[in-house]
Amino acid sequence: MACKDGLDDRCRDRDGEIRHKRSDTLVGTLRDTYGKDFATGYRSDTKLGTVLKDKGKSSLSDLRKN
């Protein structure tokens, strides 16, 4: 899928909005993008939704701000 570069090199949906990471995205996949220290203390097969819930965050952006 070809995509237009967006904020933080994220793809945009057809309507121009930046796509949100799905809650079933694995921490290991996100570490490829955000570095090996992303979600320290979680296994690479942990889902993003689990990390967000544990940390009390609503989105990947909120999680990355801390």
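Residues numbered from 1 in each chain as written. Predicted model: local features only at pLDDT ≥ 70, side-chain atom pairs only at ≥ 80, totals over all residues. Heavy atoms only, no water.

1. Some remarks on unusual backbone geometry
Piece 1. Phi is positive for A39, which is not a glycine, with a value near 55 degrees.
Piece 2. For A39, the location among the structural elements is in the loop between α1 (27-34) and α2 (48-55).
Piece 3. Judged by relative accessible area, A39 falls into the buried class, the value being 14%. (Helix = DSSP H or I, 4+ residues; strand = E, 2+ residues; numbered from the N terminus. Buried < 20%, exposed > 50% of the residue type's maximum accessible area, 1.4 Å probe, protein only.)

2. Quick word on α1
Piece 1. Listing the buried residues of α1 in full gives V27, G28, L30 and R31. Here the buried residues of α1 occupy an arc of 155 degrees about the axis, which is enough to place them on one side. For α1, the exposed residues set more than 90 degrees away from the buried face come down to D32 and T33.
Piece 2. Those residues of α1 hidden inside the fold are in contact with α2 and α3 (60-65).
Piece 3. Just beyond α1, the residue with positive phi is G35, at close to 105 degrees. (Arc of directions from axis to C-beta. Contact = heavy atoms within 4.5 Å.)

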